[in-house]
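# Report on the structure
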Amino acid sequence: MNSKKVNKALNQLLKGTHMGTSLFKFLQKKLKTKRLRKLWKEMINTLSDHEKILTKLIETYGGEPVDTAGIMGTMTDVLYKMRYIFLSDEKDILELSITSMEQGRKALSAFVLRKKFPNKDIDKIVRTMKKDYEEILYELKRFQLEAQYV
C-alpha cells in the first residue's frame with residue numbers, strides 16, 4: 001500500500017478521533033460527580049494521545065495530518081452540541097457516551113477490516129486504540145451499573 005493511501009486512511013481515523021475527543025470535552029462540562037469527572041479526564045487524555053500518535057504516524061509517512069474532524073465531522077459536532085446543549089442528567093450523559101464509544105469501536109473495527117496494512121507499527125497502534133476503546137467502554141458501563149444501585 002502506498003503512503004498516499006496509508007495517509008488517507010489514517011487521516012480518516014484521525015478525523016473520527018477528533019470527533020470523539022470534541023464530544024467528550026463538550027460533555028465533560030456537564031458532569032457533577034467527582035469520580036465521573038476523573039473518568040472523563042482519563043478518557044479525554046487517552047483520545048488526545050491517540051490524536052498525537054496518529055498525527056505523528058501520518059507525518060512519518062510524509063502526509064499532512066488533519067487538525068479537525070473535517071466538514072462532515074464539524075457539522076456532526078455542531079448538531080451534537082445543539083441537540084445536547086440542555087443535557088444535564090449524568091445517566092443520560094453516560095448513555096450517550098457509551099453509544100458514542102460503541103460507534104467509535106465499530107468504526108475502528110471496520111477500519112481494520114477494510115485496511116490491511118503491511119506495517120507492524122500501524123497494526124500495533126490500531127490494536128492499542130482498540131484495547132483503549134474497550135477499556136473506556138468497560139469503565140463507562142461499570143459506572144453506569146454502579147449508578148443504578150446508588
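Starting afresh in each chain, residues are numbered from 1 along the sequence in its written order. Residues qualify for local features only when their pLDDT is at least 70, as the model is predicted, and side-chain atom pairs are given and counted only at 80 or more; totals for whole chains, interfaces and linings, by contrast, use all residues. Side-chain measures here rest on the full set of heavy atoms in the structure, leaving out hydrogens and waters.

### Considering the packing of aromatic side chains
Classification of ring pairs rests on two measures: the distance between centres of Phe, Tyr or Trp rings, Trp counted by its six-membered ring, which must be within 6.5 Å, and the angle between planes, read as stacked under 30 degrees, edge-to-face over 60 and tilted in between. Tallied over the full model, the rule gives one aromatic pair. With a centroid separation of 5.5 Å and an interplanar angle of 70 degrees, the aromatic rings of Phe24 and Trp40 are classed as edge-to-face. In this pair, Phe24 sits in helix 1 (residues 3-28) while Trp40 sits in helix 2 (residues 34-60), placing the two residues 16 residues apart along the sequence. For helices the rule is a DSSP run of H or I covering at least 4 residues; for strands it is a run of E covering at least 2, with both sets numbered from the N terminus onward.

### A look at the pattern of salt bridges
Salt bridge, as used here, is a side-chain nitrogen of Lys or Arg placed within 4 Å of a carboxyl oxygen of Asp or Glu. Following the criterion strictly, the structure yields nine salt bridges and no others. Notably, a salt bridge pairs Arg105 with Glu134, separated by 3.2 Å at the nearest N-O pair. In this pair, Arg105 is assigned in helix 4 (residues 90-114) and Glu134 in helix 5 (residues 120-148), connecting sequence segments 29 residues apart. Exposure remark for Arg105: the relative accessible area of 23% places this residue in the partly exposed category. Here Glu134 falls in the partly exposed class, since its relative accessible area comes to 35%. Buried residues are those whose accessible area, probed at 1.4 Å on protein chains only, stays under 20% of the maximum for their type, while exposed residues exceed 50% and partly exposed ones sit between those limits.

### Comments concerning the packing of helix 1 against helix 2
At a closest axis distance of 9 Å, the pairing of helix 1 and helix 2 adopts a crossing angle of 160 degrees. The pairing of helix 1 with helix 2 is recorded here as roughly antiparallel in orientation. Between helix 1 and helix 2 the crossing geometry is left-handed. Among the residues making up the contact of helix 1 with helix 2, the classes are represented as 12 nonpolar, 10 polar and four charged. Here, axes are lines fitted to C-alpha atoms. For helices the fit covers the stretch in contact, and angles between N-to-C directions go from 0 to 180 degrees. When an angle is under 35 degrees it counts as roughly parallel; over 145 it counts as roughly antiparallel; between 65 and 115 it counts as roughly perpendicular; any other value is oblique. Left-handed describes a crossing in which the near helix is turned anticlockwise from the far one by less than a right angle; the clockwise case is right-handed. Note that Gly is not counted as nonpolar here; it falls among the polar residues with everything else outside the nonpolar set of Ala, Val, Leu, Ile, Met, Phe, Trp, Tyr, Cys and Pro and the charged set of Asp, Glu, Lys and Arg.

### Observations regarding the side chain of His18
As for its position among the elements, His18 is in helix 1. When its relative accessible area of 15% is taken as the criterion, His18 is described as buried. We call two N or O atoms a polar contact when they sit within 3.5 Å, provided that within protein one can donate a hydrogen and the other can accept it, with sequence-adjacent residues counted only if both atoms are side-chain atoms. Only 2.7 Å separates the side chain of His18 from the side chain of Glu51, close enough to count as a polar contact.

### Section: the environment of Arg37
Relative to the elements of secondary structure, Arg37 occurs in helix 2. A residue is classified by how much of its surface remains accessible, and Arg37, at 36% relative accessible area, is partly exposed. Along the chain, Arg37 and Leu27 lie 10 residues apart, while their C-alpha atoms are 9.9 Å from each other. Apart from residues lying up to four places away in sequence, Arg37 is in contact with Gln28, Leu31 and Lys32. Looking at Arg37, its side chain comes within polar contact range of the main-chain oxygen of Lys32, at 2.6 Å. Contact criterion: two residues are considered in contact whenever any of their non-hydrogen atoms come within 4.5 Å of each other.

### Details of the packing of helix 1 against helix 4
As a packed pair, helix 1 and helix 4 sit with axes 11 Å apart at the nearest point and diverge in direction by 175 degrees. Judged by the angle between their axes, helix 1 and helix 4 are roughly antiparallel. Seen from helix 1, the contacting residues are Ala9, Leu10, Gln12, Leu13, Leu23, Phe24 and Leu27; seen from helix 4, they are Ile93, Leu96, Ser97, Ser100, Met101, Leu108, Phe111 and Arg114. Residue classes in the contact of helix 1 with helix 4 are distributed as 11 nonpolar, three polar and one charged.

### Observations regarding helix 2
Every α-helix carries 3.6 residues per turn, so stepping three or four residues along brings you back to the same face. Helix length check: helix 2 (27 residues) gives 39 Å between terminal C-alpha atoms against 39 Å at 1.5 Å per residue, within 8%. Leu36, Leu39, Trp40, Met43, Ile44, Leu47, Ser48, His50, Glu51, Leu54, Leu57 and Ile58 are the residues of helix 2 that are buried. Buried positions along helix 2 lie against helix 1, helix 4 and helix 5. Expected helix span is computed as 1.5 Å times (number of residues minus one).

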